[in-house]
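# Tertiary structure, described
Below, each chain spelled out in residue letters.
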Amino acid sequence: MTTELPYAADAEVSLSYDELEVLRLQYEKELSLAHVTVQTKFNYAWGLVKSPLRDHQVEGVKLLQDLYRSEPSRRRECLYYLALGHYKMGNFDEAKKFNALLLDKEPTNMQAISLAQLIDKGVAKEGYIGMALVGGAAAVGTIVLASLIRRATRK
């Protein structure tokens with residue numbers, strides 16, 4: 001039986017364009033009436049964070065941060081989706097920070113536990129890419145240095 005991250009499916013699943021559009025239109029309608037409900041704002045932020053587009057994710061995170069500050073009753077949900085949004089944007093330090101706050105309050109929260117595993121994998125992948133870039137730069141530097149030394153010894 002596999003237990004590979006069953007709860008953090010939000011990290012990989014996006015809403016369709018039409019589904020996100022419904023949330024956007026509801027949000028903008030309420031915004032034009034100068035009264036956006038907490039639920040509408042949260043739903044739109046949730047949809048934006050789940051989007052594969054970075055601009056949407058950034059906007060979703062901003063809305064969630066505003067909700068986190070103004071709506072104490074929604075903080076648990078906001079923490080998870082703030083962590084998810086930052087994870088999807090590659091801001092692993094921020095993702096870890098928000099997820100750790102959630103795990104402090106709910107240490108057995110399976111969504112947060114599985115998201116922590118995804119964040120750790122993202123950090124490791126980023127570290128491997130960094131090491132590869134440094135290694136590649138060192139190899140190029142060595143080749144350039146070797147060719148300069150050969151030229152200098154030929155004169």
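A short tour of the structure in this document, coming up.

Each value, and the rule that gives it
- Residues numbered from 1 in each chain as written.
- Predicted model: local features only at pLDDT ≥ 70, side-chain atom pairs only at ≥ 80, totals over all residues.
- Heavy atoms only, no water.
- Core = buried A, V, L, I, M, F, W, Y, C linked by side-chain atoms within 4.5 Å.
- Buried < 20%, exposed > 50% of the residue type's maximum accessible area, 1.4 Å probe, protein only.
- Helix = DSSP H or I, 4+ residues; strand = E, 2+ residues; numbered from the N terminus.
- Contact = heavy atoms within 4.5 Å.
- Expected span 1.5 Å × (residues − 1).
- Arc of directions from axis to C-beta.
- Salt bridge = Lys/Arg side-chain N within 4 Å of Asp/Glu carboxyl O.
- Phe/Tyr/Trp six-rings, centres within 6.5 Å; stacked < 30°, edge-to-face > 60°.
- Lys NZ or Arg CZ within 6 Å of the ring centre and 35° of its normal.

## Considering the nonpolar core
Residues Y44, L64, L84, Y87 and L115 are the most contacted members of the largest nonpolar core, which totals 30 residues. Those elements that provide at least two residues to this core are helix 1 (17-32), helix 2 (38-50), helix 3 (54-70), helix 4 (75-89), helix 5 (92-105) and helix 6 (110-154). If you tally residues by element for this core, the top one is helix 4, at 9 residues. Ignoring anything within four residues of it in the chain, the contact list for L64 reads F42, A45, V49, C78, Y81 and L82.

## What about helix 5?
End to end, helix 5 covers 20 Å across 14 residues, agreeing with the expected 20 Å (1.5 Å per residue, within 8%). Turning to helix 5, its buried residues number three or more, namely F92, A95, F98, N99 and L102. The buried residues of helix 5 all sit within an arc of 135 degrees when viewed along its axis, so they share a single face. Along helix 5, the residues that are exposed and aim more than 90 degrees away from the buried face are D93 and D104.

## Examining the side chain of N99
With respect to the helices and strands, the residue N99 is situated in helix 5. Once residues lying within four places of it in the same chain are set aside, the contact partners of N99 are A83, A112, L115, A116 and I119.

## Observations concerning the pattern of salt bridges
A full pass over the atoms with the stated rule returns 7 salt bridges. Among the ionic pairs, E21 bridges to R24, the shortest N-O distance being 2.3 Å. In this pair, E21 and R24 both sit in helix 1, 3 residues apart, roughly one turn of the helix. Residue R24 is classed as partly exposed on the basis of its relative accessible area of 24%. One salt bridge in this structure joins R24 and E28, with 2.5 Å as the shortest N-O distance. Within this pair, R24 and its partner E28 are both found in helix 1, separated by 4 residues, close to a single helical turn. Here the residues in one salt-bridge network are E21, R24 and E28, joined through shared partners.

## Here we look at helix 3
Taking 1.5 Å per residue as the helical rise, helix 3 with its 17 residues ought to reach 24 Å, and the 24 Å between its terminal C-alpha atoms agrees with that figure. Of all the residues in helix 3, the buried ones are Q57, G60, V61, L63, L64 and L67.

## Here we look at the packing of aromatic side chains
Aromatic ring pairs are described here by two measures, namely the spacing of the ring centres and the angle between the planes. A full pass over the atoms with the stated rule returns 4 aromatic pairs. When the ring of Y27 is compared with that of Y44, the centres are 4.9 Å apart and the planes differ by 25 degrees; the resulting orientation is stacked. With Y27 in helix 1 and Y44 in helix 2, this residue pair connects regions lying 17 residues apart in the sequence. Assigned by exposure class, Y27 and Y44 land together as buried. Between F42 and Y81, the ring centres sit 6.0 Å apart and the planes meet at 75 degrees, which makes this aromatic pair edge-to-face. Highlighted residues: F42 in helix 2 and Y81 in helix 4, separated in sequence by 39 residues. As far as the burial class goes, F42 and Y81 line up, both buried. Through successive ring pairs, a cluster of aromatic residues spans F42, Y80 and Y81. Above the ring of F42, the side-chain terminus of R74 is found at 4.5 Å from the ring centroid. Cation over ring: K97 sits above F98, and NZ or CZ is 5.0 Å from the ring centre.

Purely geometric numbers; function is a separate question.
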